[in-house]
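Here's the letter readout for the chains.
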Amino acid sequence: MERLERSGRWLRAALARGPLRRRLPALLLAIAVLGSALKDSDLVPDTPLQNKRNPLNVYFVKVAWAWTLWLLLPFITLTTYELGRSKLLYGRTRSVLLVLRRLGALLVGTAVWYLCTELFIYIENLTGECSLQGKPSQPGQPPRLYGSKRECQRDSGVWSGFDISGHCFLLSYCAMMILEELAVLEALAIEHSSKLRVVINVLLVSLCSLTMIWVFMFLCTALYFHDFSQKLLGVLIGLAAWYGTYRFWYLKPFSPGLPLPNIPLSSKKYSYSR
């Protein structure tokens, strides 16, 4: 337990505060640019991470939104309710309503993930063409026209289209979203002996570990996959989705709202390390 508490305290200082949240977008853009430059210069050594079947890619990145969703769901619920039921904020009923409102951020994130993924697929299908290597067309028959990547791959073909990096989009969006939601810890007061503190520490360590995996796999994507323009556009869309929600829409009254309410952070009452 003491090791968990120390880990939670260190991670709060390193990841849950504002400076990293402000610097991560620039860091992600720098990784995309420098990683692409190294890839194009053939300076990247061969490693197992260049194989799309590596465990981190298969069991984490391929289901990145699911990992992010199922860890943020209990974290947002517990921290928002605990913060909301404080006497300086709301009663129990309004705390539940506040939790439901804040969980709307996960619905928004799911919609962003789905719509952007579908958009990327549409653009790749619209701009691509199929190459059937080693499979000549039958005499007297016109070559078959393929309307999508799936149809092409079904006939063992290779589809070449503008493939916006879904990894760069989703990993950047998930990492920024996690850091935004961790900001609530700056205003949360929980006793050291509380079981709730242990649960939140476990979730904190898990979310911070997940964020580091997302940034690391973002680096791997920049070094080994996609063209520069595809990666740059992917990360720009991911950062635009984060900025448009947490820096614009969530400031409006009719929105899920920000994780950190407008309360005096200097108050000892709201110090998580109490």
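Quick caveat, the model's predicted, so the values are computed rather than measured.

Turning our attention to unusual backbone geometry. The bulk of non-glycine residues show a negative phi, and the bulk of peptide bonds are trans. Its identity as a non-glycine residue notwithstanding, D42 has a phi of 55°, on the positive side. For D42, a relative accessible area of 70% corresponds to the exposed category. A positive phi angle is found at H226, which is not glycine, with a value near 65°. By the element assignment, H226 lies in the loop between α8 (195-224) and α9 (228-246).

Moving on, we come to the pattern of salt bridges. Think of it this way: side chains of opposite charge can pair up when their charged atoms draw near. Overall, the coordinates contain four salt bridges when judged by the stated rule. K149 serves as the salt-bridge partner of E124, at 3.2 Å between the closest nitrogen and oxygen. Of this pair, E124 sits in helix α5 (residues 92-127) while K149 is found in helix α6 (residues 149-154), placing the two residues 25 residues apart along the sequence. You can call E124 buried: its relative accessible area is 9%. A salt bridge links E180 to R247; the shortest N-O distance between them is 2.8 Å. Separated by 67 residues along the polypeptide, E180 in helix α7 (residues 166-182) and R247 in the segment after α9 bring together distant segments of the chain. A residue is classified by how much of its surface remains accessible, and R247, at 31% relative accessible area, is partly exposed. Connected through salt bridges with shared partners, the residues R21, E180 and R247 form a single ionic network.

As a further point, take the UniProt feature "transmembrane region" (unreviewed entry) in the protein. As recorded in UniProt, the feature "transmembrane region" (unreviewed entry) lies at residues 63-83, 103-123, 202-226 and 232-250. Overall, residues 63-83 shows 95% helix and 0% strand. The separation of its end C-alpha atoms is 30 Å.

Tracing the backbone through its elements, the reader meets S172 in helix α7. Once residues lying within four places of it in the same chain are set aside, the contact partners of S172 are L28, H167, F218, V235, G238 and L239.

Analysis parameters
- Residues numbered from 1 in each chain as written.
- Predicted model: local features only at pLDDT ≥ 70, side-chain atom pairs only at ≥ 80, totals over all residues.
- Heavy atoms only, no water.
- Buried < 20%, exposed > 50% of the residue type's maximum accessible area, 1.4 Å probe, protein only.
- Helix = DSSP H or I, 4+ residues; strand = E, 2+ residues; numbered from the N terminus.
- Salt bridge = Lys/Arg side-chain N within 4 Å of Asp/Glu carboxyl O.
- UniProt positions renumbered as here; feature names shortened; annotations may be inferred.
- Contact = heavy atoms within 4.5 Å.

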